[in-house]
Amino acid sequence: MARPISQGAPEGAGVVMNKVTSRPLSARALERRHMAIWLLPPLLWFVLFMLVPYAITVFYSFGRMDGVLFAPDFSLENYRKVFFDAPYAPIILRSAWIGLLTAIFSSLLAYPVAMAMAFNLPSERARQIVYILVILPWWASYLVKAYAWKAILGPSGLINKGLMSAGLIDEPIRIFLYNDFSVVLTLTYIFTPFAVLSIYAQLERIPGSLIEAARDMGANGFEIFRRIVLPISVPGVLAGAVITFSLGFGDFLAPALLGGSDSLMISSVVISLLGVANDRPLAAAIGVTIIVLAALLISAVNRLEKRTQVRL
């Protein structure tokens, strides 16, 4: 009489036994176990370096300072200060405005570069060269780039020297430095590569056959851009705008070096609360507020992206 084959263990196939129950593991269960092993390190990293710091920040935001020591508590006083006491709420709004301007100008500068990289360069080698030129500024120190703009915009910088050489001004003017203009200009220069790569990654997905088909049907360049390229590129534009907005919103060095005393941003306030005022609960409450605002922004952008997304 033929020996029956066990269900779930095909003849000739190896069977992995569970050491606890002495039952064979199916291929699906074995795959799930391997997946869990691979996911464990990044999961631990996420918990230790993301969730735990967030939890500590939230815990501190409800506490208070007892002299120089932190006293645990459950009070909304710190959040009341953030929203109703000067100057925290106005500085948060001002930082958001600086971040918004940075995102707008970075996107406007990045879009033509990304378009050229995706469609207008004659060869793959030229595309690689432009790609390297885009990311090349990242190899330089952030501090060096900020100081470079300070030298360019200063009274003895290139702009003032050029204007004086052309005879347009008799003495250096100081409107280029220590104001919002210098801060937004510097942040736009530093963070535009993020927008370029984000938009280019989206434009690269557009198949050339789609554009060729549109041309064969009589569409001109503007119609192709308006009906095909622009709608498809919207997710990349939104992703780049979110990145540049977040980086500009939380930047500290550019306002400190080029903004002057009137260009105070929320990151400077947090550093002052932690280092000078020793008010960790209030600094934590500002941090939690910013995190919540960032989460709301990302959620809104995701919804907008889903509504405007074009499937290829």
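Residues numbered from 1 in each chain as written. Predicted model: local features only at pLDDT ≥ 70, side-chain atom pairs only at ≥ 80, totals over all residues. Heavy atoms only, no water.

1. Section: the overall build of the protein
Line of reasoning, step 1. The secondary structure content of the protein amounts to twelve helices and four strands.
Line of reasoning, step 2. Here the protein has a C-alpha radius of gyration of 28 Å; the compact-globule value for 312 residues is 20 Å, and the former is much larger.
Line of reasoning, step 3. Put simply, the protein has 312 residues, and 33% of those count as buried.
Line of reasoning, step 4. Counting every atom, the protein has about 19,900 Å² of accessible surface; 67% of that belongs to carbon and sulfur.
Line of reasoning, step 5. If the 25 positive side-chain charges of the protein are averaged to one point and the 18 negative ones to another, these points end up 10 Å apart. (Helix = DSSP H or I, 4+ residues; strand = E, 2+ residues; numbered from the N terminus. Rg over C-alpha atoms; globule rule 2.2 N^0.38 Å. Buried < 20%, exposed > 50% of the residue type's maximum accessible area, 1.4 Å probe, protein only. Areas by Shrake-Rupley, 256 points an atom, 1.4 Å probe, with all protein chains shown as cover. Lys, Arg positive; Asp, Glu negative; His and termini not counted. Charge placed at Lys NZ, Arg CZ, Asp CG, Glu CD.)

2. Comments concerning the domain arrangement of the protein
Line of reasoning, step 1. The domain architecture assigned to the protein consists of domain 1 (31-72) and domain 2 (77-310).
Line of reasoning, step 2. Inter-centroid distance (C-alpha atoms) of domain 1 to domain 2 is 29 Å.
Line of reasoning, step 3. Approximately 850 Å² of surface area, both sides summed, lies buried where domain 1 meets domain 2, with 66% of it carried by carbon and sulfur atoms.
Line of reasoning, step 4. The largest per-residue losses of area from domain 1 upon contact with domain 2 belong to Y60, S61 and M65, which jointly make up 51% of the total buried on that side.
Line of reasoning, step 5. Going through the elements one at a time, α1 (27-61), β3 (64-66) and β4 (69-71) are the ones with two or more residues in the side of domain 1 that touches domain 2. (Domains from an automatic or database assignment. Buried area = accessible area lost by both parts, 1.4 Å probe.)

3. A look at the pattern of salt bridges
Line of reasoning, step 1. All told, the structure shown has six salt bridges when counted by the stated rule.
Line of reasoning, step 2. The partner of E124 in a salt bridge is R127, with the nearest N and O atoms 2.6 Å apart. With E124 and R127 both in helix α4 (residues 124-135) and three residues apart, this pair spans about one turn of that helix.
Line of reasoning, step 3. Relative accessible area serves as the criterion here: at 46%, E124 is assigned to the partly exposed category.
Line of reasoning, step 4. Residue class for R127 comes out buried when judged on its relative accessible area of 16%.
Line of reasoning, step 5. With a closest N to O distance of 3.5 Å, E212 and R215 form a salt bridge. With E212 and R215 both in helix α8 (residues 208-216) and three residues apart, this pair spans about one turn of that helix. (Salt bridge = Lys/Arg side-chain N within 4 Å of Asp/Glu carboxyl O.)

4. Considerations on the confidence of the model for the protein
Line of reasoning, step 1. This prediction gives the protein a mean pLDDT of 86; 91% of its residues lie at or above 70.
Line of reasoning, step 2. Every residue in residues 1-15 is under pLDDT 50, and counting partners more than four places away or in other chains gives three contacts. (pLDDT = per-residue confidence, 0-100. Contact = heavy atoms within 4.5 Å.)

5. Considerations on α1
Line of reasoning, step 1. Its 35 residues place the ends of α1 48 Å apart at the C-alpha level, agreeing with the 51 Å of an ideal helix rising 1.5 Å per residue.
Line of reasoning, step 2. Of all the bends found along α1, the most pronounced is centred on L40 and spans about 40°, while P41, a proline, follows it within four residues. (Expected span 1.5 Å × (residues − 1). Bend = angle between axes of the 7 residues up to and from the residue.)

6. As for the nonpolar core
Line of reasoning, step 1. Membership of the largest hydrophobic core comes to 21 residues, with the highest contact counts inside it found for Y111, I199, L203, I206, I224, I228 and V229.
Line of reasoning, step 2. Ignoring sequence-local partners within four residues, the contact set of I228 consists of I206, L210, A214 and E223.
Line of reasoning, step 3. Counting 18 residues, the second-largest nonpolar core is a separate cluster that includes Y79, F249, I266 and A285. (Core = buried A, V, L, I, M, F, W, Y, C linked by side-chain atoms within 4.5 Å.)

7. Digging into the packing of helix α9 (residues 221-249) against helix α12 (residues 280-308)
Helix-helix packing is described using two parameters, namely the angle between the two axes and the distance between the axes.
Line of reasoning, step 1. Orientation of α9 relative to α12, taken along the N-to-C sense of each, is 170°, at an axis distance of 9 Å. By the angle class used here, α9 and α12 are roughly antiparallel. Contact residues: P231, V234, P235, L238, V242, F245 and F249 in α9; I290, L297, I298, V301, L304, E305 and T308 in α12.
Line of reasoning, step 2. Class assignment of the residues belonging to the contact of α9 with α12 gives a composition of twelve nonpolar, one polar and one charged. (Axes fitted to C-alpha atoms, helices over the stretch in contact; angles between N-to-C directions. Parallel < 35°, antiparallel > 145°, perpendicular 65-115°, else oblique. Nonpolar A, V, L, I, M, F, W, Y, C, P; charged D, E, K, R; others polar.)

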